[in-house]
Amino acid sequence: MIVVMKLTATGSEIEKVEQRLQQMGFKSHLIQGVERIVIGAVGEKKVAFPTGLEMLPGVEKVVPVMAPYKLVSREAREENSLIPVGDLLLGGKQLVVSAGPCAVESEDQLITIARQVQAAGAHILRGGAFKPRTSPYSFQGLEKEGLTMLARAREETGLKVVTEVLTPQDVELVAMYSDILQVGARNMQNFPLLKELGRVGKPVLLKRGLAATVEEWLMAAEYILAEGNYAVILCERGIRTFETATRSTLDISAIPLAKLWSHLPVIVDPCHSSGSWRLALPLSLAAVAAGADGLMIEVHHKPAEALCDGPQSLTPANFRQLMDSVARIAPAVGRYLAAPAGEHQEQEAVE
Ligand code: PEP
Ligand code: MN
């Protein structure tokens, strides 16, 4: 349930409600919107209405949350969550693009690609140091060495860094080197990992599982919020269907649906969903038109030599073309590309 406080509610009135919720066996989460202050109460307990909380000073109303994901739901927070990543803001009018190789392969490879995607207007550098490969015999990533290369590329270019973390034990290490921690599709329901990420002070990019429903995806996000980390970015990356012509099927409807059911930003990865660099541009345009808040694109300067996912990696020239096309489509849906990394931009007000 959520307890909606009056606009005039004082700090001590809010505190009293939170204390009462704890006595009733709930964990309370303060959700500070622009229009209203809400206290989310989560826990296993069923509650009978009226709850008695209605009588407390400063309380406007108490409303049950019907969705199984409580803190993630639009019922808990009407406005979009705006997630700051340094000077970037995800979930507002700006479109934020992360780009880079599937895997960090060497310092030379990473810096070369980072410079080129930065020049094309990307904001965040992506690149896996810990790779969740289908085969145990495939390249597994450079691990810590890869993380230090990502940090060096950030220094060099001003790009933020997003990289995947595979285990709860690695969360602290990955958080030291990255601006956003990525949960891969294969780990979407790794609950110990999600819980650990709920306790880290950095945004989390949560990819949709290969065979996860939108509800299961939002429940996975709930694990992170329930531990106190509200900075979750959802990423639609395609799901498994009967179609074999593409690696996965990009679920375009999941974009407006996830935004309707939750307040979290949604970005789209057209490379892993299609498995083909040729489809990345049209799918990116479709994603932006459908309301995506950003994109994640695989880029490699030598796709034919990439240690993983070469066929779905764009060359820097193709990536530039994609960015130009996105910049032209964005205004049609009231969006614009955030200023390229390194350039100052005003933080926009909440919509
Ligand atoms: C990735 O982004 O590097 C990746 C492994 O993607 P996914 O988890 O979506 O397969
Ligand atoms: Mn990849």
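Rules used in this analysis
Residues numbered from 1 in each chain as written. Chains lettered and ligands numbered in written order. Predicted model: local features only at pLDDT ≥ 70, side-chain atom pairs only at ≥ 80, totals over all residues. Heavy atoms only, no water. Salt bridge = Lys/Arg side-chain N within 4 Å of Asp/Glu carboxyl O. Helix = DSSP H or I, 4+ residues; strand = E, 2+ residues; numbered from the N terminus. 1 Å grid on protein atoms, 1.4 Å probe; cavity = no way out; pocket = protein on both sides within 12 Å on 5 of 7 lines; lining within 4 Å. Points joined across faces, edges and corners; volume = space filled by probe spheres on them. Donors = N, O, S within 2.8 Å, 3.2 Å for Na, K, Ca; no water. Buried < 20%, exposed > 50% of the residue type's maximum accessible area, 1.4 Å probe, protein only. Phe/Tyr/Trp six-rings, centres within 6.5 Å; stacked < 30°, edge-to-face > 60°. Core = buried A, V, L, I, M, F, W, Y, C linked by side-chain atoms within 4.5 Å. Contact = heavy atoms within 4.5 Å. Expected span 1.5 Å × (residues − 1). Arc of directions from axis to C-beta.

A. Representation of the pattern of salt bridges within the structure. On inspection of all chains with the given rule, the structure shows 15 salt bridges. Across the pair Asp-179 and Arg-154 runs a salt bridge whose closest N-O atoms are separated by 2.9 Å. With Asp-179 in the loop between helix H4 (171–177) and strand E10 (180–183) and Arg-154 in helix H3 (residues 144–157), this residue pair connects regions lying 25 residues apart in the sequence. Its salt-bridge partner being Asp-269, residue Lys-207 comes within 2.7 Å of it at the nearest N-O pair. Placement of Lys-207 in strand E11 (residues 204–207) and of Asp-269 in the loop between strand E13 (266–268) and helix H8 (270–274) is noted, with a sequence separation of 62 residues between them.

B. Structural view of the layout of surface pockets. For the largest pocket, the calculated volume is near 450 Å³. Taken together, 21 residues line the largest pocket, and the ones lying closest to its centre are Val-42, Gly-43, Glu-44, Pro-68 and Lys-70. Tallying contributions element by element places helix H6 (residues 214–226) first for the lining of the largest pocket, with four residues. Approximately 260 Å³ is the volume found for the second largest pocket.

C. View of the coordination of the manganese ion (ligand 2). In this structure, Cys-102 (SG), His-272 (NE2), Glu-298 (OE) and Asp-309 (OD) serve as the protein donors to the manganese ion (ligand 2), at separations of 2.0 to 2.4 Å. Sequence positions of the donors to the manganese ion (ligand 2) reduce to the motif C-x169-H-x25-E-x10-D. With Cys-102 in the loop between strand E7 (94–100) and helix H2 (107–119) and Glu-298 in strand E14 (residues 294–298), this pair connects stretches of sequence that are 196 residues apart. As far as burial versus exposure is concerned, Cys-102 and Glu-298 are alike and both buried.

D. Fine view of the packing of aromatic side chains. For the structure shown, the criterion picks out one aromatic pair. A centroid spacing of 4.4 Å and a plane angle of 25° characterise the contact between Phe-191 and Tyr-223, whose relative ring orientation is stacked. In this pair, Phe-191 is assigned in helix H5 (residues 191–197) and Tyr-223 in helix H6, connecting sequence segments 32 residues apart. Judged by its relative accessible area of 30%, Phe-191 falls in the partly exposed class. In this structure Tyr-223 comes out as partly exposed when scored by relative accessible area, which is 31%.

E. The nonpolar core, seen in detail. Counting residues in hydrophobic clusters, the biggest one holds 79 residues, and the most contacted among them are Leu-206, Leu-234, Ile-297 and Phe-319. It is H6 that provides the largest number of residues to this core, a total of seven residues. Beyond its immediate chain neighbours, meaning those up to four positions away, Phe-319 contacts Val-97, Ala-99, Val-117, Ala-120, Ala-122, Ile-297, Val-299 and Leu-314.

F. Broad picture of helix H1 (residues 11–23). With 13 residues, H1 ought to run about 18 Å at 1.5 Å a step, and its terminal C-alpha atoms sit 19 Å apart, in line with that. Within H1, burial applies to Ile-14, Val-17, Glu-18 and Leu-21. Down the axis of H1, the smallest arc covering the buried residues is 100°, so these residues share one side. Facing away from the buried surface of H1 by more than 90 degrees, the exposed residues are Lys-16 and Gln-23. Among the structural elements, strand E1 (2–5), strand E2 (27–32), strand E3 (37–42) and strand E4 (59–63) are those in contact with the buried residues of H1.

Keep in mind these numbers describe shape, not what the thing actually does.
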